[in-house]
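Now for the letters of each chain:
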Amino acid sequence: MAQDIILSANGLTKEFKGFLAVNDVDLKVERGSIHALIGPNGAGKTTCFNLLTKFLQPSRGTIVYNDRDITRKQPADIARLGMVRSFQISAVFPHLTAIENVRIALQRNRGDSFDFWRSERVLTEFNGRAAGLLDDVGLSEFAAVRAGELSYGRKRALEIATTLALEPEMLLLDEPMAGMAQEDVERISQLIRRISANRTILMVEHNLSVVAALSDYITVLARGKVLAEGDYASVSKDPRVVEAYIGAEHA
Amino acid sequence: MMATDTETGAGVGPLVQSHSTSTPRHHVAIFAGLLVFGLAAPFLLYPIFLMKVLCFVLFACAFNLLLGFGGLLSFGHAAFFGSASYASAHAAKIWGFNPELAILFGTGCAAVLGLLIGSLAIRRQGIYFAMVTLAFAQMVFFFSLQAPFTGGEDGIQSVPRGHLFGLFDMAPDLNLYFFVLAIVFAGLLAIYRIIHSPFGQVLKAIRDNEQRSVSLGYRVNRYKLLVFVLSAMLAGLAGATKAIVFQLASLTDVYWTMSGEVVLMTLLGGMGTVFGPIVGAAIIVTMQNYLATFGAWVTVIQGTIFVISVMLFREGVIGILSKALKKPL
Amino acid sequence: MFELLGIPPQALFGQLLLGLINGSFYALLSLGLAIIFGLLNIINFTHGAQYMMGAFVAWMLLNYLGINYWAALFVAPVIVGITGVIIERLLISRLYHLDHLYGLLLTFGLALIIQGLFRNYYGISGLPYQIPGVLSGGQNLGFMFLPNYRGWVIVASLIVCLATWFIIEKTRLGAYLRAATENPTLVGAFGINVPRMVTLTYGFGVALAAFAGVLAAPIYAVNPNMGADLIIVVFAVVVIGGMGSILGSIVTGFGLGLIEGLTRVFYPEGSAVVIFVVMAIVLLVKPAGLFGRAA
Amino acid sequence: TDVKIGVMNDRSGIYSDIGGEGSVIAARMAVEDFGAADKGINVEIVSADHQNKPDVGSNIARQWYDTEGVDVIADVPTSSVALAVNDITREKNKIFLNSGAATSDLTGAKCSPNTVHWTYDTWQLAHGTGGAMVAAGGKTWFFLTADYAFGHALERDTAAVVKEAGGEVIGSVKTPFPGTDFSSFLLQAQSSGAQVIGLANAGGDTVNSMKQAAEFGITQGGQAIAGLLVFVNDVHALGLDIAQGLVLTETFYWDLNDQTREWSARFEKTAGKKPSMIQAGVYAAVLHYLKAVEAVGDKDPTKVMAKMKEMPTDDPLFGKGVVRADGRKTHDAYLFRVKKPDQSEGEWDLYETVATIPADKAFRPLADGGCELVK
Amino acid sequence: MPETETVEHASSAASPGALLSVRNLQGWYGESHVLHGIDFDVREGEVVTLLGRNGAGKTTTLLAIMGILAKRKGSITFDGRETIALPARAIARAGIAFCPEERGIFASLSVEENLMLPPRVREGGLTVEQVFELFPNLRERLSSQGTKLSGGEQQMLAIGRILRTGAKLLLLDEPTEGLAPVIVQQIGHTIARLKREGFTIVLVEQNFRFAASVADRHYVVEQGRVIDTIPNSELDANVEKLHGYLGV
Ligand SMILES: Nc1ncnc2c1ncn2[C@@H]1O[C@H](COP(=O)(O)OP(=O)(O)OP(=O)(O)O)[C@@H](O)[C@H]1O
Ligand SMILES: Nc1ncnc2c1ncn2[C@@H]1O[C@H](COP(=O)(O)OP(=O)(O)OP(=O)(O)O)[C@@H](O)[C@H]1O
Ligand SMILES: [Mg+2]
Ligand SMILES: [Mg+2]
């Protein structure tokens with residue numbers, strides 16, 4: 001099958017005051033795949049995410065998404081094109097309840113909510129879907145709890161539910177498992193697998209078992225550059241990857 | 001610990017209550033009660049004083065829309081209040097507009113000014129946002145001081161109250177009172193609707209976590225600008241009405257202390273509550289009215305009241321009440 | 001109005017020098033304000049009143065106790081600083097976990113009280129305070145007559161500003177202060193007595209204001225309203241310099257004094273608003289202020 | 001008859017020393033000295049702070065007239081507020097006894113049948129000081145003008161006088177109001193080389209600009225300073241060291257004659273300081289008003305006002321005078337020079353009289369004001 | 001800090017040999033009651049972990065020990081002293097250091113200033129050089145702004161800075177979160193080494209495998225209570241039970 005590339009970056013570079021955080025990275029993400037981006041701390045993974053979703057402007061390089069050059073777009077527009085990200089440090093709306101968090105995302109699909117003259121009652125139509133999404137991530141009993149009062153792991157789960165609510169074509173997940181208890185890791189893994197059916201996922205993750213289980217393709221970054229690429233089996237045997245990232249002791 | 005700390009430190013959050021989606025029944029009741037009180041009040045109290053209270057109630061509520069629900073602390077709202085007041089005074093006095101048209105004109109001017117200042121100011125956040133608005137407000141003040149048609153220190157005096165729609169004479173205080181009551185009440189309902197609209201819901205989200213809102217695809221600046229303009233416009237409506245009531249537009253209305261006063265009203269009543277600013281404005285206007293006879297002690301008394309209210313009722317009168325009743329007010 | 005060519009360079013020098021003198025006050029006051037804001041997250045609206053108290057305490061020391069200017073230069077800031085410490089312990093310290101709006105409101109109320117009390121007891125016309133003997137008279141600089149006292153103001157304020165800058169930016173204490181601004185709980189968990197540090201810092205910021213007040217006493221009438229409107233200008237200076245940047249508030253203080261001085265020559269009516277114009281431009285171009293770290 | 005008098009002035013701001021509580025004391029003294037109670041007139045005095053803001057002032061005036069039954073408003077310094085109260089008083093047909101405000105519009109373009117303007121005005125100040133200085137050889141002038149209506153009016157009026165008297169205005173600078181630092185403007189005045197620097201400002205502005213003028217050695221350099229509106233309290237605050245030699249115009253000074261001295265001593269007992277001319281004006285105006293009420297036997301504003309204008313005035317502070325058809329009260333004005341420190345014999349011994357300007361010369365001629373009441 | 005004699009306390013349950021004894025610890029966030037009686041002991045030189053699902057109350061327990069949780073009751077004895085009522089700074093001075101879950105790196109401080117921030121409370125902490133050996137990334141980014149570091153680098157900084165203080169008891173809240181496997185291994189070694197040097201450590205961990213490799217004993221926390229204690233040596237025998245607790 002000819003490769004169907006949904007997102008590609010060419011020569012992506014980001015320089016912070018003389019420090020090259022991302023250095024001439026080429027990245028191709030195949031449509032429908034789960035693509036993992038791994039690498040040591042400070043390798044530039046989050047920076048890459050920020051560049052792809054336009055939270056940062058690249059110093060050099062181009063980004064093409066669905067055959068469209070998005071290098072100069074605004075972050076909100078990226079989300080509108082169907083590419084949505086989560087954050088490494090959890091990002092919820094702390095004073096809204098869990099279900100309201102999800103509804104905010106669902107509401108976006110109504111079109112822009114500038115209608116200040118309508119009653120918010122029109123939003124109740126989303127309650128059903130929102131509850132369903134909360135259920136997917138195991139938060140149904142917390143629907144009415146303010147997000148700020150959830151424990152860390154649950155905040156992460158909520159964040160995923162919110163992201164999914166947008167029904168994005170492509171998802172960028174920054175360490176979705178960080179800080180999650182084992183049971184949740186299992187659940188979220190399954191969730192990711194399930195939603196990946198008709199989506200593309202680009203994911204940063206340090207939990208190697210998750211990476212091994214989920215990803216179709218892996219890009220390893222180190223010091224801002226691509227160190228290795230391939231499937232888990234080949235990448236995990238690459239001595240450079242073992243040295244820089246996995247470490248000798250990992251089973 | 002860290003989580004709670006950053007949250008409470010981060011903004012106006014802790015006082016803001018999340019509302020359930022349907023309009024609580026007690027809100028309807030309170031609005032009805034306010035209306036009844038408003039209709040009966042001029043037969044018990046001095047109508048001009050009541051009109052002053054009404055104008056400031058609207059002003060404070062407009063401000064609260066921006067601060068309490070948009071999370072944006074403007075320190076320059078006097079610019080909108082004052083410029084609208086000048087514009088409507090000028091329209092009524094020089095161009096001979098009917099009061100409703102003069103007020104409309106003033107409100108429109110405030111909205112345009114809000115669009116201008118807002119589109120520059122919303123690019124900044126937090127205290128910087130406050131400062132940019134203050135800076136622009138100072139420029140508006142300067143303009144009002146220097147421009148030929150504003151009458152400098154004297155202001156625009158002897159503004160005619162005119163005839164509503166060219167028909168009803170507004171000179172008798174009672175006639176004017178019911179006109180003002182209608183304007184202000186309509187303004188309050190509009191604000192309530194804005195807060196409880198799909199737009200209002202997005203505002204809450206943006207105030208809570210702007211980055212996340214962006215990543216969900218919301219163009220946050222447009223939302224901020226819209227709420228800014230709405231707030232400026234309603235503040236302008238209050239200012240324009242005040243000019244007609246007092247037949248005067250003066251520098252007080254554009255001075256920075258006016259911006260400060262509206263912050264005080266909102267906080268005293270309870271920021272982020274629906275009814276707080278109403279109470280806050282009523283308290284402060286009443287206080288100013290009755291303290292005037294205390295002469296030089298006025299500022300001392302006023303200061304003491306602020307200190308006490310910050311130390312003891314910092315959630316504002318209505319904020320505390322709402323907590324005690326466990327109902328959003 | 002714009003008689004740029006009509007003004008001989010000589011006169012211009014004079015005006016610039018005057019601007020620098022005003023800048024000295026801005027720098028001292030904004031420095032105190034920046035320190036307090038930086039650490040307590042409180043916009044100290046009492047700052048203007050505390051500046052005024054500095055001048056009044058100096059006047060009282062002289063008239064009631066016969067303590068002269070030089071001694072007052074040290075004693076008055078200490079006294080006013082102590083009142084600051086009391087205010088912080090009693091009132092402000094209860095507000096840290098809240099939005100900085102509340103601090104603003106509280107200090108605003110305090111300013112009203114303080115100014116009102118002084119007005120009631122001392123009236124509004126102002127009280128005279130003589131320039132100390134050694135510094136009376138002045139130097140003819142050719143382009144202008146510079147009163148000795150004004151020269152002293154520049155020197156004194158520069159010294160104090162630089163010393164303060166050094167302490168905060170270059171010592172361990174400064175790092176504690178900055179860290180405590182962000183997350184006092186965690187700094188406390190490292191074993192540092194944050195509340196005491198905060199109290200003393202507030203006292204110090206207040207003392208700086210009082211110091212400026214003593215410096216001002218011989219120039220401007222000692223008057224209960226002398227600091228009333230100043231606060232907002234000084235706060236603008238802090239913002240332009242970049243909130244929390246000590247160096248920023250010092251440099252901007254002097255710089256804005258100069259700019260204001262120039263405006264007074266070319267467009268005097270505008271001198272009251274020029275700072276705000278500068279502020280708007282700076283913030284729109286450099287969001288975090290001239291010396292501020294980006295958020 | 002019951003009469004309610006509202007003393008409205010600045011009780012906390014920059015004009016609170018020249019009016020403030022002192023004006024209330026003066027009004028009370030007028031009631032006592034008149035012996036109102038014995039004559040069957042019940043007088044109640046209320047007071048309020050207008051904070052120098054026209055909106056606050058007009059608000060209070062309206063409320064006083066509408067709900068508190070106030071018949072007369074007295075004092076009201078600050079021109080913008082005075083004009084606002086002037087309007088409302090006319091609308092409600094009450095009586096306004098202005099003593100504190102300077103604007104000559106009150107008896108000119110904006111004159112009202114319900115207003116009496118007692119103590120002084122900008123025309124009178126300009127002619128008193130401006131005329132005298134030019135006559136004394138101060139031909140070239142530079143103005144420091146407070147940038148608001150009052151300052152502009154004072155500059156305009158004085159400049160006209162200076163030109164009329166053969167002098168020349170070689171420059172002026174508008175200073176932000178209220179200001180604290182005038183050194184920059186003084187420097188401009190200094191480098192202009194003008195013989196006279198005219199201070200078209202008031203209150204704290206005047207005090208600060210005088211103080212700084214002394215500091216920069218301006219008077220030593222041979223330039224004279226003319227304070228266009230200086231009150232005795234300002235001079236007291238400045239101290240004679242700095243203020244000495246200043247020439248100024250007032251219409252009242254406590255040390256004019258035995259009557260003023262006696263009254264001022266009584267005033268000082270309650271107020272703790274000597275009276276300003278504004279406070280004196282409040283006393284005299286209230287006294288005259290009460291006499292008119294007694295004469296009419298009723299407090300009907302139209303009748304009382306007619307009486308006030310018809311009846312010549314006579315009081316211990318301003319002597320004999322009249323209230324003109326345009327509402328202007330005329331009396332003598334005085335040109336004073338501030339004493340040198342060694343001439344002064346007490347804390348309040350501040351002025352020496354240079355000249356007395358007779359009532360008919362001191363104020364604007366009736367015909368020139370453009371008042372509609374004057375046919 | 002001079003060693004004080006172990007004093008007998010009212011809370012008689014405190015076991016005598018323990019460096020840290022937690023008895024019936026209750027904790028609240030505002031109105032909501034989160035800890036319902038936590039009990040555990042740590043002897044000098046031990047590493048223990050608190051395991052449990054999300055929201056079980058592990059972080060809250062650490063906050064209470066550190067004196068940061070505003071409302072707490074019960075008894076915490078450290079080094080023979082009752083600390084339940086002490087302010088955080090006094091607890092820190094007594095020799096307890098804390099590395100928070102959210103890392104708590106200061107944005108207004110450079111990496112170096114962040115590292116040097118906590119004052120030394122006792123001899124025997126790591127030197128700066130040793131910290132760099134452990135986390136080489138930090139050396140390169142020394143002058144950069146603290147929060148500009150990558151997530152993992154911030155974690156290293158947060159751990160590194162408390163190792164410097166010489167505190168006897170380290171409270172580490174999920175120290176391996178977001179770290180690359182190599183670094184996790186390094187931290188494992190570090191913990192082992194700290195243990196050898198006499199440090200005592202309370203570890204909150206989600207990474208069960210990691211916990212097993214370093215700890216002497218595991219306490220299972222559920223709904224604000226310690227519901228089970230499993231010595232590391234008996235871990236294999238209890239895997240089933242543990243999986244049940246953690247819902248794996
Ligand atoms: N805004 C910034 N300014 C300066 N340096 C930055 C900035 N953002 C990131 N860096 C630096 O760029 C490098 C890459 O950071 P990035 O956050 O992308 O790492 P990462 O691969 O996501 O690491 P981790 O797995 O630890 O999250 C780091 O060394 C970091 O210090
Ligand atoms: N700031 C807070 N306000 C109110 N409740 C809170 C707050 N922080 C935590 N909680 C609640 O306290 C309980 C314990 O939280 P804690 O953070 O101690 O859990 P944890 O065991 O550390 O979980 P995790 O593994 O997710 O970090 C949870 O139910 C949580 O919802
Ligand atoms: Mg990262
Ligand atoms: Mg935790």
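Just so it is clear, the model here is predicted, and its values are computed rather than measured.

Q: Explanation requested: the site of ligand 1 in the structure shown.
A: Not every one of the 20 residues close to ligand 1 is listed here, only the nearest: Lys45(A), Thr46(A), Thr47(A), Ser150(E) and Gly152(E). Neighbouring residues of ligand 1 are not confined to one chain but are distributed across chains A and E. At 2.9 Å, a side-chain N or O of His206(A) approaches an oxygen atom of ligand 1. For ligand 1, the accessible surface in isolation is 630 Å², of which the surrounding protein chains cover 90%.

Q: Could you clarify how one ought to interpret the confidence of the model for chain B in this entry?
A: As a note on interpretation, predicted positions should not be read in detail where pLDDT is low. Residues and elements named next belong to chain B. Of all residues in chain B, 91% attain a pLDDT of 70 or more, and the chain-wide mean is 84. Within the model, pLDDT remains below 50 along residues 1-21, and this stretch shows 54 contacts once partners closer than five positions in the same chain are excluded. Reported for the predicted complex are a pTM of 0.81 and an ipTM of 0.78.

Q: I would appreciate a short explanation of the interface of chain C and chain B in the present structure.
A: Interface size is commonly expressed as the accessible area that is lost once the parts come together. At the junction of the two partners, chain C supplies 46 residues and chain B supplies 42 residues. With both sides pooled, the region where chain C packs onto chain B buries about 4000 Å², and carbon together with sulfur makes up 77% of that total. Summed over the shared surface of chain C and chain B, the number is 0 salt bridges. At the boundary of chain C with chain B, the tally comes to 0 residue pairs in polar contact (both at pLDDT 80 or more). Elements that contribute at least two residues to the side of chain C that touches chain B include exactly helix H4 (100-122), helix H7 (184-189), helix H9 (230-241) and helix H11 (274-285) of chain C. No other element matches H4(C), which puts 15 residues into the side of chain C that touches chain B.

Q: Please explain the state of the cysteines as it appears in this structure.
A: All names here are of chain D. With the rule as written, the count across this model stands at 1 disulfide over all chains. The disulfide bridge from Cys 111 ends at Cys 371, spanning 2.0 Å between sulfur atoms. Its S-S torsion of approximately 80° makes the covalent link between Cys 111 and Cys 371 right-handed. Residue Cys 111 is found in the loop between strand E4 (95-98) and strand E5 (115-117), and its partner Cys 371 is found in the segment after helix H13 (359-362); the two are separated by 260 residues along the sequence. Take Cys 111 and Cys 371: they sit in the same class, and that class is buried.

Q: When you look at the UniProt feature "transmembrane region" (unreviewed entry) in chain B in this model, what are you seeing that I'm missing?
A: Residue and element names in this part refer to chain B. The sites that carry the UniProt feature "transmembrane region" (unreviewed entry) are, in the present numbering, residues 28-46, 53-81, 101-120, 127-145, 176-195, 225-250, 262-284 and 291-313. In the segment residues 53-81, helix accounts for 72% and strand for 0%; the C-alpha atoms at its two ends are 14 Å apart. Segment residues 127-145 splits into 100% helix and 0% strand. End C-alpha atoms: 27 Å apart.

Q: When you look at a nonpolar patch on the surface in this model, what are you seeing that I'm missing?
A: Judged by side-chain polarity, Ile94(B), Trp95(B), Phe97(B), Leu101(B), Leu104(B) and Phe105(B) come together as a nonpolar surface patch covering roughly 590 Å² of accessible area. With respect to the secondary-structure elements, Trp95(B) resides in the loop between helix H4 (78-93) and helix H5 (99-121).

Q: Explain the nonpolar core to me, please; I cannot follow it from the model alone.
A: As a rule of thumb, nonpolar side chains are buried together in soluble globular proteins. Grouped together as the largest cluster of nonpolar side chains are 363 residues, with contacts concentrated most on Tyr51(C), Leu215(C), Leu144(D) and Leu170(E). No other element matches the 19 residues that helix H3 (residues 47-69) of chain B contributes to this core. Summarising the domain contributions, this core has at least three residues from each of domain 1 (1-82 + 170-251) and domain 2 (91-167) of chain A. Beyond its immediate sequence surroundings of up to four residues, Leu215(C) is in contact with Phe25(C), Leu28(C), Tyr69(C), Leu73(C), Tyr149(C), Trp152(C), Val153(C) and Ala156(C). Counting residues in each nonpolar core, the second largest holds 66 residues, with Met29(D), Ala202(D), Met277(D) and Leu290(D) among its members.

Q: So what exactly am I meant to see when it comes to the coordination of the magnesium ion (ligand 4) here?
A: When four donors bind a metal tetrahedrally, each ideal donor-metal-donor angle is 109.5 degrees, and when six bind octahedrally, the ideal angles are 90 or 180 degrees. Donor atoms from the polypeptide that coordinate the magnesium ion (ligand 4) comprise Thr59(E) (OG1) and Glu101(E) (OE), at 1.9 to 2.5 Å from the metal. Pair noted here: Thr59(E) is in helix H1 (residues 58-66) and Glu101(E) is in the loop between strand E6 (96-99) and helix H3 (111-116), with a separation of 42 residues, a long-range link.

Q: Quick question: what am I supposed to make of empty space enclosed by the protein here?
A: Think of a ball as big as a water molecule: rolled over the atoms, this probe shows where empty space is left. Throughout the structure, instances matching the rule amount to 8 cavities of 30 Å³ or more. In this structure, the largest cavity spans a volume of roughly 120 Å³. The wall of the largest cavity is formed by 15 residues, among which Tyr15(D), Thr78(D), Gly100(D), Tyr120(D) and Leu229(D) lie closest to the centre. Partitioned by chemical class, the residues of the lining of the largest cavity number 12 nonpolar, 3 polar and no charged. Elements that contribute at least two residues to the lining of the second largest cavity include exactly H3 and helix H7 (173-195) of chain B. Looking at which element gives the most residues to the lining of the second largest cavity, the answer is H7(B), with 4 residues. When grouped by side-chain class, the residues that make up the lining of the second largest cavity number 9 nonpolar, 2 polar and no charged.

Q: Before we go on, may I ask you to explain the packing of helix H2 (residues 47-65) of chain C against helix H3 (residues 69-90) of chain C in this structure?
A: Each pair of packed helices gets described by two things: the angle between the helix axes and the distance between those axes. All names here are of chain C. Two elements in contact, H2 and H3, have axes whose closest approach is 9 Å; the angle formed by their N-to-C orientations is 130°. Taken as axis vectors, H2 and H3 run oblique relative to one another. As for the relative orientation of H2 and H3, their crossing is right-handed in sense. For the pair H2 and H3, contact is made by Gln 50, Met 53, Gly 54, Val 57, Ala 58 and Leu 61 and by Ala 72, Val 75, Ala 76, Ile 79, Val 80, Thr 83 and Ile 87, respectively.

Q: Would you take a moment to explain the domain arrangement of chain A for this structure?
A: Residues and elements named next belong to chain A. By domain assignment, chain A separates into domain 1 (1-82 + 170-251) and domain 2 (91-167). Taking only C-alpha atoms, the centre of domain 1 and the centre of domain 2 are 26 Å apart. Facing 15 residues of domain 1, the contacting portion of domain 2 comprises 13 residues. For the pair domain 1 and domain 2, the two sides together bury roughly 1200 Å², of which 61% comes from carbon and sulfur. Where domain 1 meets domain 2, there are 1 salt bridge.

Definitions and limits used
- Residues numbered from 1 in each chain as written.
- Chains lettered and ligands numbered in written order.
- Predicted model: local features only at pLDDT ≥ 70, side-chain atom pairs only at ≥ 80, totals over all residues.
- Heavy atoms only, no water.
- Near = heavy atom within 4 Å.
- Polar contact = N/O pair within 3.5 Å; in protein donor to acceptor, adjacent residues only side chain to side chain.
- Areas by Shrake-Rupley, 256 points an atom, 1.4 Å probe, with all protein chains shown as cover.
- pLDDT = per-residue confidence, 0-100.
- Contact = heavy atoms within 4.5 Å.
- Buried area = accessible area lost by both parts, 1.4 Å probe.
- Salt bridge = Lys/Arg side-chain N within 4 Å of Asp/Glu carboxyl O.
- Helix = DSSP H or I, 4+ residues; strand = E, 2+ residues; numbered from the N terminus.
- Disulfide = S-S within 2.5 Å.
- Buried < 20%, exposed > 50% of the residue type's maximum accessible area, 1.4 Å probe, protein only.
- UniProt positions renumbered as here; feature names shortened; annotations may be inferred.
- Patch = residues over 30% accessible without salt bridge, like charges linked within 9 Å, V, L, I, M, F, W, Y side chains within 5 Å.
- Core = buried A, V, L, I, M, F, W, Y, C linked by side-chain atoms within 4.5 Å.
- Domains from an automatic or database assignment.
- Donors = N, O, S within 2.8 Å, 3.2 Å for Na, K, Ca; no water.
- 1 Å grid on protein atoms, 1.4 Å probe; cavity = no way out; pocket = protein on both sides within 12 Å on 5 of 7 lines; lining within 4 Å.
- Points joined across faces, edges and corners; volume = space filled by probe spheres on them.
- Nonpolar A, V, L, I, M, F, W, Y, C, P; charged D, E, K, R; others polar.
- Axes fitted to C-alpha atoms, helices over the stretch in contact; angles between N-to-C directions.
- Parallel < 35°, antiparallel > 145°, perpendicular 65-115°, else oblique.
- Left-handed = near helix turned anticlockwise from the far one by under 90°.

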